[in-house]
Amino acid sequence: MRDQLYINGQWVSPDLGGHLQVIDPATEHVIGSVAAGTEEDIDNAVRAARAAFDGPWGSTSGEQRAGWLDSLADALEQDQAALAELEVRDNGKPLPEAQWDVADAIGCFRFYAGLARELDARQDEPLALADPRFRCHVRHEPVGVAGQIIPWNYPLLMAAWKVAPALAAGATVVLKPSELTPLSALELAVAAERSGLPPGVLNVVTGLGAEAGSALSAHPGVDKLAFTGSVPTGAKIMSAAAHDIKNISLELGGKSAFIVFDDADVEAAVEWILFGIFWNQGQVCSATSRLLVQQGIAPRLLERLVAATRQITIGPGLEPGMLLGPLVSAGQYEKVLQMIARGEAEGARLISGGRRPKDLDRGYFLQPTIFDQPAEDSALWRDEIFGPVLCVRRFTDEADALRQANASRFGLAGAVMSADPARATRVANGLRAGIVWINCSQPTFVEAPWGGMKQSGIGRELGRWGLENYLEVKQVTEYVSAEPWGWYS
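Residues numbered from 1 in each chain as written. Predicted model: local features only at pLDDT ≥ 70, side-chain atom pairs only at ≥ 80, totals over all residues. Heavy atoms only, no water.

Undergrad: Could you give an account of the sheet that holds strand β18 (residues 413-417), with specific residues and numbers?
TA: Within a sheet, neighbouring strands are paired by backbone hydrogen bonds and run either parallel or antiparallel to one another. Read across the open sheet, the 7 strands follow the order β14-β15-β16-β13-β12-β18-β19; overall the sheet is mixed. Here the strands that pair on one side only, and so sit at the sheet edges, are β14 (349-352) and β19 (435-438). In this sheet, adjacent strand axes meet at a mean angle of 25° when their direction is disregarded. Pairing of strand β15 (residues 369-372) with strand β16 (residues 389-395), which is carried by 4 bridges, proceeds in the parallel orientation. (Pairing = 2+ DSSP bridges. Helix = DSSP H or I, 4+ residues; strand = E, 2+ residues; numbered from the N terminus. Axes fitted to C-alpha atoms, helices over the stretch in contact; angles between N-to-C directions.)

Take a look at the structure:
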């Protein structure tokens, strides 16, 4: 386990020599420590990233950058099994989920290697102008130094979502992982080192958000800020970015609705509902945590849903057959328990879970939880809980379903389940969300845009949209006529 920062292609000790403990959420035991980066360390990393960008990296071709991205993916692939186990010990998620995450991270680097190659062909793209005396072309140039702050729910995958498109575009990166789950970001730096990525192109600074994260957000040498996390922190980052008019992209919270009509297949609906809220312990920004069920199907669906929820296996992520691991930290565990207590106090009916499993007296474990009929204006229904807590309400018809679903300050995702394709499409089009699933919940593909509306953020990640986050568009116009312009003559 590394307890240094990766800056300018070297492993260095933090400026003040501080360290942070890393805790396994399944055991509550300290499993190591990482460096606690400070403002000085962030400054060193930004300076290294700037020197790399202004140096040879700034003139690389997309084809060259693609080679490094593929090499980085190869390096991660060589350690794929160990990385998945590391994610479990750091984050708590079940091993199959971690294996899926690591494979997706590797695939993300390969995908953006392909887009980097395509970027070369897009340079000097000609534009047809109305005035034949001028010739115009468009260039797509890297944004510069990107400061990236990632969350703890998908540690390596969220790093890949940001680092891969930035490097593909030709930007350089200072990455600040969550202090709760810093380990795989450091292994990403190891992979970058092994792949021969030039010094300063990728820098990884671990540390507290209030120190390293704030310093990165406010640093005048950063051209672009990309953040995934909570709305309050996103607002602070946006405020810091405003001082220098920085380019920003924010992927923030959600309270996504899953609408189930009475013509839906109950068994299929139950499986997707469970996956939509209990995958990754519900610690998913897009989790479909608000279930809206049409009145006719509600009794039958809820009975089956509660029965299925009680069959979910809970335990340490490295034990075979576990579907639900611990929450990530003591702080997150307490926050979710407080929301459950508040929901009960406000009169919502707890119909399943809500307690620590009886056979697990250590670790941040919580039974998958279902509340029925919380009030529309309750915190339980309106606020992001970020844990395995599902809230259920009824609706009468299509209009009522859309009204309840859209009555939220968030707009990240949504889902609809119906045997009527026309109705499903109408509802999908009517949802005010950046991501909508029909007859499923949570499938995510690197090729497709990811991001939300309203307080769920600004901009899109993944696909070609993720690459565009790190590109600036430049118009180059040339006067080609043999005749003088003659403005003053």
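Still to come is the rest of the account.
Undergrad: Can you tell me about the packing of aromatic side chains, naming the residues and giving the values?
TA: Think of a pair of aromatic rings as described by two things: how far the centres are apart, and how the planes are tilted against each other in angle. All chains considered together, the criterion is met by 14 aromatic pairs. Pairing F275 with W279 gives two aromatic rings, centres 4.8 Å apart and planes at 45°, and the pair type is tilted. A residue is classified by how much of its surface remains accessible, and W279, at 19% relative accessible area, is buried. Taking NZ or CZ as reference, R2 lies 4.5 Å from the ring centre of W11, over its face. (Phe/Tyr/Trp six-rings, centres within 6.5 Å; stacked < 30°, edge-to-face > 60°. Buried < 20%, exposed > 50% of the residue type's maximum accessible area, 1.4 Å probe, protein only. Lys NZ or Arg CZ within 6 Å of the ring centre and 35° of its normal.)

Undergrad: Kindly report on the nonpolar core, identifying the contributing residues and their values.
TA: Formed by 111 residues in total, the largest nonpolar core has its most connected members in F109, Y112, L175, L188, L291 and L305. The element best represented in this core is helix α5 (residues 155-169), accounting for 12 residues. When near neighbours in sequence (up to four residues on either side) are disregarded, F109 contacts L69, L72, A73, L76, A160, V163, A164 and L188. Grouped together as the second largest cluster of nonpolar side chains are 28 residues, L327, V336, L380 and A405 included. (Core = buried A, V, L, I, M, F, W, Y, C linked by side-chain atoms within 4.5 Å. Contact = heavy atoms within 4.5 Å.)

Undergrad: A description of helix α4 (residues 95-122) should follow, citing residues and the corresponding values.
TA: Here α4 spans 41 Å end to end across 28 residues, near enough to the 40 Å set by a 1.5 Å rise per residue. D124 sits one or two positions beyond α4 and adopts a positive phi of about 55°. (Expected span 1.5 Å × (residues − 1).)

Undergrad: Which residues make up unusual backbone geometry, and what values go with them?
TA: Excluding glycine, residues mostly have negative phi values, and the peptide bonds linking residues are mostly trans. Phi angles above zero are rare outside glycine, and Q373 is one such case at about 55°. Along the chain, Q373 falls in the loop between β15 and α12 (379-382). Of note in the backbone geometry, F386 takes a positive phi value of approximately 60° without being a glycine. Checked against the element boundaries, F386 lands in the loop between α12 and β16.

Undergrad: Explain the sheet that holds strand β22 (residues 471-479) residue by residue, including any values.
TA: Strand order in the open sheet formed by 3 strands is β5-β6-β22, and the pairing between neighbours is antiparallel. Of all the strands in the sheet, just β5 (125-127) and β22 have a single pairing partner and so form its edges. Neighbour-to-neighbour, the strand axes of the sheet open up by a mean angle of 30°, direction not taken into account. Relative to strand β6 (residues 134-142), β5 runs antiparallel, the two sharing 3 bridges. The residue bridging E125 from the neighbouring strand is V138, located in β6.

Undergrad: With reference to specific residues and values, describe a nonpolar patch on the surface.
TA: A cluster of nonpolar side chains, contributed by W485, W487 and Y488, occupies part of the molecular surface with about 550 Å² of accessible area. Among the secondary structure elements, W485 is positioned in the segment after β22. (Patch = residues over 30% accessible without salt bridge, like charges linked within 9 Å, V, L, I, M, F, W, Y side chains within 5 Å. Areas by Shrake-Rupley, 256 points an atom, 1.4 Å probe, with all protein chains shown as cover. Salt bridge = Lys/Arg side-chain N within 4 Å of Asp/Glu carboxyl O.)

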